[in-house]
Amino acid sequence: MSIDQVIALSASIGGCMSAIAAFLAVKQSTKQREASYKPELAITRTTITASKNPITKSTFADFWVVGKEEKEPGNVNLLSSLSLPLRNVGLGAAKEVRLKWSFPIEELISNINKMAQKALITEYFECENEVLSLKSEQLVAATSMWGNQKQDTVDYVLPASTDREVVNIRVPPAYIELVSALLYFSAKEKDRHFFPDMPVLKLDLEYFDIGGDIHKSSFKVELNLIAIHGDGECFHGYMQSKKFA
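Our subject in this report is the structure included herewith.

Side note on the overall build of the chain
Next up, step 1: Check the secondary structure of the chain and you find four helices and 13 strands.
Next up, step 2: Expressed as a percentage of its 245 residues, the buried residues of the chain come to 38%.
Next up, step 3: When contacts within the chain are restricted to residue pairs at least 6 apart in sequence, long-range pairs at least 24 apart make up 64% of them.
Next up, step 4: Carbon and sulfur atoms make up 52% of the accessible area of the chain, which totals about 14,300 Å².

Here it is as structure tokens:
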């Protein structure tokens, strides 16, 4: 191979390497740009206090509030439902956020009704056409529109680094009602040695970033008990989420 051919080959190899380096630089730049506006949603751990609602005169401890609010009763809305803080720990805004709640409602209703029968209480729950009802002659009857609670939307969630305002997402009242009933009837069991595990509340999120790409994530929201008073008429605990998809 002549010197001219060696020089030409070297120039070709050099040009090829330069093209590869340029391609990798562009690819890395694209990744960095995408990361700069990628949102990442998370649910903050929340301490709660549950008691009977003095307005609705409920039998169960279905009035759940954030733990610190018990110290400020004047600021508590007795008709509101517990909300969990949804934060964006990513770098970009999340928009058109769609929420979908689910939990084993039929299984939970079945277990509660069995407990009620065992305690010789004639009341029972039923869920028809996604409407949860407590049928009772002694306890305060209640109806919860589970079908309207399963899905919700949030217009946008800005990054926590630029906006400290928290977006609150409401815990489905049907879940609160049934879990409160579960604790109430569990506390009445004479041969009880432990309380049952609390049903897991699942939340599926779907949202867009500012570039128009769609993102999905799923969480398991668990209620962890700290203390229970009386016949489940009051309890303390915290709700904590775990991302699994």
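Next comes the rest of the account.
What about the pairing of strand 13 (residues 234-243)?
Next up, step 1: Pairing of strand 2 (residues 46-51) with strand 13, which is carried by six bridges, proceeds in the antiparallel orientation. Within strand 13, the position partnered with isoleucine 48 by the bridge is glycine 237.
Next up, step 2: Inspection of the sheet shows strand 12 (residues 214-229) paired to strand 13 by ten bridges, in the antiparallel sense. Paired with lysine 220 across the strands is lysine 242, a residue of strand 13.
Next up, step 3: Counting the residues that bridge the hairpin from strand 12 to strand 13 gives four residues, and of these glycine 230 lies at a positive phi of roughly 55°.

A look at the sheet that holds strand 2
Next up, step 1: Read from one edge to the other, the open sheet built from seven strands follows the order 3-2-13-12-11-5-9, with strand pairing classed as antiparallel. Each of the sheet's edge strands pairs with one partner strand only, and the pair in question is strand 3 (63-66) and strand 9 (151-157). For this sheet the average axis-to-axis angle between neighbouring strands, irrespective of direction, equals 30°.
Next up, step 2: Here strand 5 (residues 94-102) pairs with strand 9 via six bridges, running antiparallel. Bridge pairing in strand 9 links arginine 98 to threonine 153.

What to know about the sheet that holds strand 1 (residues 41-43)
Note on sheets: strands pair through backbone hydrogen bonds, and any given pair is parallel or antiparallel.
Next up, step 1: In spatial order, the strands read 1-4-10; together these three strands make up an open sheet with antiparallel pairing. The open sheet has two edge strands with one neighbour each: strand 1 and strand 10 (167-170). For this sheet, the mean angle separating the axes of adjacent strands, direction not counted, is 35°.
Next up, step 2: Where strand 4 (residues 83-88) lies against strand 10, four bridges are found, and the strand directions are antiparallel. Considered in strand 10, the bridge of serine 83 is made with arginine 170.

So, the nonpolar core
Next up, step 1: In this structure, Trp64 and Met239 are the most contacted members of the largest nonpolar core, which totals 52 residues.
Next up, step 2: Dropping the residues within four chain positions of it, tryptophan 64 is found in contact with Ile48, Thr49, Ala50, Leu82, Tyr175, Ile176, Val179, Ser180, Leu223, Phe235 and Met239.

Looking at helix 2 (residues 105-118)
Next up, step 1: For helix 2, built from 14 residues, the straight-helix expectation of 20 Å at 1.5 Å per residue is met to within 8% by its first-to-last C-alpha distance of 20 Å.
Next up, step 2: Among the residues of helix 2, Ile105, Leu108, Ile109, Ile112, Asn113, Met115 and Ala116 are the ones counted as buried. Across the axial projection of helix 2, the buried residues extend over an arc of 160°, all falling on one side. For helix 2, the exposed residues set more than 90 degrees away from the buried face come down to Glu107, Lys114, Gln117 and Lys118.
Next up, step 3: In this structure, the buried residues of helix 2 make contact with strand 6 (124-128), strand 7 (131-135), helix 3 (146-149) and helix 4 (173-187).
Next up, step 4: Following helix 2 by one or two positions, leucine 120 has its phi on the positive side, about 60°.

Points about the environment of serine 102
Next up, step 1: Tracing the chain through its elements places serine 102 in strand 5.
Next up, step 2: The partly exposed category is assigned to serine 102, whose relative accessible area is 27%.
Next up, step 3: Between the C-alpha atom of serine 102 and that of aspartate 204, which follows or precedes it by 102 residues, the distance is 8.5 Å.
Next up, step 4: Every residue in contact with serine 102, bar those within four places of it in the chain, is listed here: Trp146, Val200, Leu201 and Lys202.

What counts and how
Residues numbered from 1 in each chain as written. Predicted model: local features only at pLDDT ≥ 70, side-chain atom pairs only at ≥ 80, totals over all residues. Heavy atoms only, no water. Helix = DSSP H or I, 4+ residues; strand = E, 2+ residues; numbered from the N terminus. Buried < 20%, exposed > 50% of the residue type's maximum accessible area, 1.4 Å probe, protein only. Contact = heavy atoms within 4.5 Å. Areas by Shrake-Rupley, 256 points an atom, 1.4 Å probe, with all protein chains shown as cover. Pairing = 2+ DSSP bridges. Axes fitted to C-alpha atoms, helices over the stretch in contact; angles between N-to-C directions. Core = buried A, V, L, I, M, F, W, Y, C linked by side-chain atoms within 4.5 Å. Expected span 1.5 Å × (residues − 1). Arc of directions from axis to C-beta.

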